[in-house]
Amino acid sequence: MTGLTLLIPIALLLGLLGLGAFFWALRSGQFEDTDGAAMRILIDEED
Amino acid sequence: MASQPLPSGLEPAESLFAVPGLHCASCLAKIENGLVTTPGILSARVNMAARQVAVRHAPSLAPPDIQQAIQTLGFEAEPMAWDDGNVADREQRALIRALAVAGFAAMNIMLLSVSIWSGADGATRTMFHWLSALIALPTVAYAGQPFFRSAWAALRQRRTNMDVPISIGVLLTTAMSLYETITGGDHAWFDGAVMLLFFLLAGRALDAAMRGRARAGVAALLRQTAAGALVVNASGRSKWIAAGDLRPGMTMLVAAGERLAADGTVIEGESGLDVAFLTGESAPVPARAGDSVHAGALNVVAPLLVQVTASGPDTAIADIARLMEQAAQGKSRYVRMADQAARYYAPAVHLLAAVAFAGWLAAGAGVHQALLIAVAVLLITCPCALGLAVPAAQIVACGALMRRGVLVKDGSAMERLAEVNRAILDKTGTLTLGRPVPVDLSALGAEDRPVLLALARASRHPLSVALRQALEHEGVQPATLTGLHEVPGEGVFADHHGAPVSLGRPGKIVELCGMASAYRAGDRAVHLRFTDTLRPDARETVAALADLGLQPMIASGDRPEALEEIARATGVTTVGRLRPADKLALIERLKARGEKVLMVGDGLNDAPALAAGHASMAPASASDASQLTADMVFLGDRLAPVALAVRAARRTVRIVKQNFALAIGYNILAVPLAIAGKVTPLVAAIAMSTSSIIVVANALRLRNAAE
């Protein structure tokens, strides 16, 4: 029982962290151009 | 992203360009790295999904300069207006956010529920119920909003839709569970309520994503009316003014290769205008002083001075757009399959729950127990299959079609296309390519081709563009020319190894026989003729449509004699000399006989017919109005996508019906259990997720629907 009082908040916190990260990614436009992101990895940067 | 530092403390401006030719990583690198070498351009960012380039640049640089810079890199570009207030985009985002919250909550509540199902009881169970409530209540309040809002809107108009049973089910389940939690009862249904929201939101988000992608694709293809114009004031000085700020009375200077930003009257200059956006046909229309010209027309020959007579929402093109909207309203009354089902489903579900409640009361159960059973009935009958399987089937089929070059604008288009039993095709631009194609290039020697390509590349005249495309298709590499210049109305001139070469207007006599141009090298001259040819697979496609039972028919504005050849080639009925209103009347007549017409057309003259047809398709080369009106737009020179889309639509509807059958079958099994009071939260969770997974898996079979 005492273990649960510690583990459940931790589990929820980690889940919330993931949710927060997704919201941040959505807001910062990381899903704006999913096709382009896949192609950008192929570009050789000269500079 | 390549970028340059800001020059002095100037505030940079941003412009957006549609670049339909973007398709690979090297295009992306070429544009992003190439543009920043242009002085004044600070950075460029390509959006591959939307085929757009956002450019940050010094305010001194006008959109036409940047357009020129993109064109020198080898890409066609059109300036676009910034579009901030995109409602559909915001809606889709809200759905994805709600989906993420519901997913997070469903996982955590499930974690707690699993422990309850494996035997936790007493204080532990109560605590887990409270924790579940803590997660579920805010989730239902947030993620349930799209359903609650839509249900409320429907109820206010005294109608019912899919969202009414969903909202009642979710709210009642949550309220009952909260009551159980407070009174320390055995079962709480928070997991079921939240999981239901998650599955349904997944369906909604898929639906929105499909519409969003198709819309972005069409928007990239659309040649926008010019974003602005160079305005000359009384003292002869010129200034770039955005289209929205143009006022009647202003004088625009429209260079060759630019689009008109407003309606007006030519006051000086003589030129040809490409009005393909209106007619779908690219042969330029002459314009001289006194002629009235329309916004969106492409000036191809020489600079024009145009006095603005109407701008923005007052232009003829804006008027046409409004007419289109009105014509399409009949179509928006179409009731989608899921909603049709909901009409019967929603009252049936409510009745069933009410009967279960009343039945148990009559049998002597307490209000509490009867209510619990009613909630179980509502939860188990919640229309997961209708809410998830229909969009899932549609997005999978649309994805398959998109890979084959058909952009579908919304889900109901697939359903309507599956129902058609007549097909009417326009001739010019639909059965034919609608653009000039060089008739015979064999008169050209091997040494002429590179020179000709280099000349053709320097001009935006439709015949030059046609030549460039034909030569590039043959794999010709352009020669290096010196002194390359275009004389408006005459042609392109240059020197090749000291000898003058040109591509331009043919002699007076040849000009009489249609579209032609002349290539001159030294004192040699080669006449090049152009014609509009049938699409390569027009015949096969028309035959395929006949096989599908669509009784294809060609309706054209051309003279009947001009249609004879095509009628013989395709072997179908042709009707000639039809004005736009006649085409519309033809469709209305067929409609009155109960036929469901698929209209395939491209010109503005087809747009009313496209709006009136039960379903409609337009090629990507069509006028803007037609692309906006049509349910689907197909890319490329081939006509085959039309038959392909019909077949894919029929398969999709078949799968959707199977999904309905699966959903109903599941309900027939589960509802008696629920009414008998045997459905625990565990049974509900298992039943709900299995049925959802089955219908999605069935929808995935459409992956190859367009093969």
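Residues numbered from 1 in each chain as written. Chains lettered and ligands numbered in written order. Predicted model: local features only at pLDDT ≥ 70, side-chain atom pairs only at ≥ 80, totals over all residues.

Enquirer: So what's going on with helix 21 (residues 580-592) of chain B? Which residues, and what values?
Expert: Residue and element names in this part refer to chain B. Across its 13 residues, helix 21 extends 18 Å between first and last C-alpha, which sits within 8% of the 18 Å expected from 1.5 Å per residue. Those residues of helix 21 not exposed but buried are Lys583, Leu584, Ile587 and Leu590. Projected onto a plane normal to the axis of helix 21, the buried residues spread over an arc of 125 degrees and lie on a single side. In helix 21, the exposed positions angled more than 90 degrees off the buried face are occupied by Ala581, Arg589 and Ala592. In the core, the buried residues of helix 21 are packed alongside strand 15 (422-425), strand 22 (552-555), strand 24 (597-600) and helix 22 (607-612). (Helix = DSSP H or I, 4+ residues; strand = E, 2+ residues; numbered from the N terminus. Expected span 1.5 Å × (residues − 1). Buried ≥ 20, exposed ≤ 12 C-beta atoms within 10 Å, placed from the backbone. Arc of directions from axis to C-beta. Contact = placed C-beta atoms within 7 Å.)

Enquirer: Provide a residue-level description of the nonpolar core, including the pertinent values.
Expert: Residue and element names in this part refer to chain B. Membership of the largest hydrophobic core comes to 141 residues, with the highest contact counts inside it found for Ala102, Val194, Leu197, Leu201 and Ala645. When residues of this core are assigned to their parent elements, the largest contribution, 16 residues, is made by helix 24 (residues 640-675). Sequence-distant contacts of alanine 102, that is, excluding residues within four places in its chain, are made with Thr139, Ala143, Val194, Leu197, Phe198 and Leu201. (Core = buried A, V, L, I, M, F, W, Y, C linked by C-beta atoms within 7 Å.)

Enquirer: So what's going on with helix 2 (residues 63-72) of chain B? Which residues, and what values?
Expert: Residue and element names in this part refer to chain B. Every buried residue of helix 2 is accounted for by Pro63, Ile66, Gln67, Ala69 and Ile70. Considered in projection along helix 2, the buried side chains sweep an arc of 160 degrees and stay on one side of the axis. Glycine 74 sits one or two residues past helix 2 and shows a positive phi near 100 degrees.

Enquirer: I'd like a description of the interface of chain A and chain B, backed by residues and values.
Expert: Between chain A and chain B, the contact holds 16 residues from the first and 17 residues from the second. If one sorts the elements of the side of chain A that touches chain B by residue count, helix 1 (residues 2-27) of chain A sits on top with 7 residues. Among the residues making up the side of chain A that touches chain B, the classes are represented as 9 nonpolar, 3 polar and 4 charged. (Nonpolar A, V, L, I, M, F, W, Y, C, P; charged D, E, K, R; others polar.)

Enquirer: Explain the environment of Ala649(B) to me, using residue names and the numbers behind them.
Expert: Residue and element names in this part refer to chain B. You can see alanine 649 is positioned in helix 24. Here alanine 649 falls in the buried class, since 28 other C-beta atoms lie within 10 Å of it. Aside from chain neighbours lying at most four places away, what touches alanine 649 is Met414, Leu417 and Ala418.

Enquirer: Quick one: what's the story with the sheet that holds strand 9 (residues 270-274) of chain B, residue by residue and with numbers?
Expert: Residue and element names in this part refer to chain B. Here we have 3 strands laid out as an open sheet, ordered 10-9-12, and antiparallel in their pairing. Looking at strand neighbours, the two that pair on one side only are strand 10 (285-288) and strand 12 (298-299), the edges of this open sheet. The pairing of strand 9 with strand 12 spans 2 bridges and is antiparallel. When the sheet's bridge partners are listed, aspartate 274 is paired in strand 12 with leucine 298. (Pairing = 2+ DSSP bridges.)

Enquirer: Explain the sheet that holds strand 24 of chain B to me, using residue names and the numbers behind them.
Expert: Residues and elements named next belong to chain B. Strands sit in the order 14-26-25-24-15-22-23 across an open sheet of 7 strands; the sheet is mixed. For this open sheet the edge positions go to strand 14 (406-408) and strand 23 (573-575), each flanked by a neighbour on one side alone. Ignoring strand direction, the axes of neighbouring strands in this sheet form an average angle of 20 degrees. Relative to strand 25 (residues 615-619), strand 24 is paired through 3 bridges, and the arrangement is parallel. Bridging across to strand 25, methionine 599 finds its partner in serine 616. (Axes fitted to C-alpha atoms, helices over the stretch in contact; angles between N-to-C directions.)

Enquirer: Describe in detail unusual backbone geometry, supporting the description with residues and values.
Expert: Most peptide bonds are trans, and most residues other than glycine sit at a negative phi. All names here are of chain B. Despite not being glycine, histidine 497 has its phi angle at roughly 50 degrees, a positive value. In this structure, histidine 497 sits in the loop between strand 18 (491-496) and strand 19 (499-504). We classify histidine 497 as exposed; it has 10 C-beta atoms within 10 Å. The residue glutamine 551 is not glycine, and still its phi comes out positive at about 45 degrees. Mapped onto the elements of the fold, glutamine 551 is located in the loop between helix 19 (538-547) and strand 22.

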